[in-house]
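Spelled out, the chains give:
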Amino acid sequence: MTQDRLSQVELIAMIAMLSAMTAFSIDAMLPALPQMADDLAPEDPSRVPLVIIAFVMGMGVGTLFTGPLSDAYGRRPIAFWGAALFTVAALWGSVAQDINELLTARFLQGLGAAGPRVVALAIVRDLYSGRQMAKILSLTLIIFTLVPALAPSIGAALMWGFGWRAIFVAFAIFAIIATGWLLMRQAETLRDPRPFTLTLIRTGLVEVFSHPRVVTAIAVLSLVFAILFGVLASVQPIFASYGHAESFHLWFGAASVVSASAGFLNAAIVERLGMRRVVLSVMVAQLGFSALFMALTALGVGGVWLFFPWLVTLLFIAGLGIGNLNSMAVEPLGHMAGLAASTTTAAATVIGAALGAPIGMAFNGTAIPLAVGAFLASGAGAALMLRLDD
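Residues numbered from 1 in each chain as written. Predicted model: local features only at pLDDT ≥ 70, side-chain atom pairs only at ≥ 80, totals over all residues. Heavy atoms only, no water.

Peer 1: What's the story with the nonpolar core in this structure? I'm lost.
Peer 2: The tendency in soluble globular proteins is for nonpolar side chains to be buried side by side. Grouped together as the largest cluster of nonpolar side chains are 120 residues, with contacts concentrated most on Met 36, Val 51, Phe 171, Val 235, Phe 307 and Leu 311. Contact partners of Phe 307, with chain neighbours within four places excluded, come to Val 235, Ile 238, Phe 239, Tyr 242, Phe 293, Ala 367 and Leu 370. (Core = buried A, V, L, I, M, F, W, Y, C linked by side-chain atoms within 4.5 Å. Buried < 20%, exposed > 50% of the residue type's maximum accessible area, 1.4 Å probe, protein only. Contact = heavy atoms within 4.5 Å.)

Rendered as structure tokens:
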């Protein structure tokens, strides 16, 4: 039975599950990448990390439209049709016979994932505001951070028991449960529909990309995403190169748990230091960490015990960078906040995926390509942040 307003506990759990579709769809398949390469692309295994990038690209494109569509037609219908596309694409991926077919399915899966992803945030915005909204989102984020820690282990267990194709079936089941929960329990929260037109999106794009501060924030956010997508595309083979292919999911889960503290750190310092200074600091710090990693590796001081702490610093960028940069991008566009959020997130996601793809495909048996990519991206991000005022 649907309700106008669920209890906070149930709402937080539901929103976290809807949001987690994205992380689960990426992280659960990381342990399966080598087997997928053997089955679908034995002649060119370097293309397999593109299954991560294709999903992210689809999600980025979908995010541009799902926000305005949900403002026009309601949260529930967009969540339903997005989840339906996600489910069908996931099942298609489970029977794909070559890498091109799988990449197409993954793009469509990402396109569908954008529906529940955007709707989850829109529902919270419809029901709460101000500090209450921030509280709900903060509690949701704490639950959400468990997904990157657990998903690789779930994926590894499914692959061990049933083969890598079972992971895609699990994606479909996850989407059905999460969206079914929404449809059965939460009534429609949209109260003032706004018509959907392509003109509206075009006008929003023009205004977003004519604002220098917004463009700079999107550019830095794209570089942050490039680092993170590069990590996701190459982290499994890197751990395999250190002789930890079988235990990769445990290492990555531990790194995710440790890096989750970045969100709490950001909440504690951002009001005092300001968003620009926090982002600048994390980019400069990553510039130094990446340079140190490359220098120590060149000196022969390598191994998984050097890579693991550096991986934590790479994942830390998410908690200290993404939220602040999103806020900086949307802040000057308060009169069109919903459209601005969709536009800036979509642009940064697509650009970040395009930049992250070469990092992942450059894997050469070592972590150096990832280190070079992180060094260049963090350096460029720091240079761009220096151009902004507090």
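Peer 1: Explain helix α9 (residues 198-208) here, please?
Peer 2: Since the α-helix advances by 3.6 residues per turn, residues separated by three or four positions end up pointing in the same direction. Of the residues making up α9, those classed as buried are Ile 201, Gly 204 and Val 208. Seen end-on, α9 carries its buried residues on one side only, within an arc spanning 60°. Facing away from the buried side of α9 by more than 90 degrees, the exposed set consists of Leu 198 and Val 206. (Helix = DSSP H or I, 4+ residues; strand = E, 2+ residues; numbered from the N terminus. Arc of directions from axis to C-beta.)

Peer 1: How should I be thinking about the pattern of salt bridges in this particular structure?
Peer 2: Note on pairing: side chains with opposite charge can pair once their charged atoms come close. Per the stated rule, a full pass over the model turns up 3 salt bridges. For the salt bridge of Asp 71 with Arg 75, the shortest nitrogen-to-oxygen distance reads 2.8 Å. A salt bridge links Asp 126 to Arg 75, with the shortest nitrogen-to-oxygen separation between them at 2.7 Å. Here Asp 126 is found in helix α5 (residues 99-127), whereas its partner Arg 75 is found in helix α4 (residues 75-94), with 51 residues between them in sequence. Look at Asp 126 and you get partly exposed, because its relative accessible area is 28%. Three or more residues are tied together by salt bridges with common partners; here these are Asp 71, Arg 75 and Asp 126. (Salt bridge = Lys/Arg side-chain N within 4 Å of Asp/Glu carboxyl O.)

Peer 1: In this structure, what is going on with the environment of Leu 121? I would like to understand it.
Peer 2: Looking at the secondary structure, you find Leu 121 in helix α5. Sequence spacing of Leu 121 and Ser 19 is 102 residues, and the spatial spacing of their C-alpha atoms is 8.3 Å.

Peer 1: It is not clear to me how the side chain of Asp 71 should be interpreted in this structure. Could you clarify?
Peer 2: Relative to the assigned elements, Asp 71 resides in helix α3 (residues 50-73). With residues near it in sequence (within four places) discarded, Asp 71 still touches Arg 125, Leu 190, Asp 192, Pro 193 and Arg 194.

Peer 1: What's the story with the packing of aromatic side chains in this structure? I'm lost.
Peer 2: Applying the stated criterion across every chain, the model contains 16 aromatic pairs. Ring centres of Phe 239 and Phe 248 lie 5.8 Å apart, and the angle between their planes is 55°; on these two criteria the pair is classed as tilted. Accessibility assignment for this pair places Phe 239 and Phe 248 in one class, buried. Their ring planes at 65° and their centres at 6.0 Å tell us that Phe 307 and Trp 310 sit as a pair that is edge-to-face. Here Phe 307 pairs with Trp 310, and both are found in helix α14 (residues 304-330), just 3 residues apart, close to one helical turn. Each of the two residues, Phe 307 as well as Trp 310, counts as buried. Grouping aromatic residues by their ring pairs yields a cluster made of Phe 239, Tyr 242, Phe 248, Trp 251, Phe 252, Phe 293, Trp 305, Phe 307, Phe 308 and Trp 310. (Phe/Tyr/Trp six-rings, centres within 6.5 Å; stacked < 30°, edge-to-face > 60°.)

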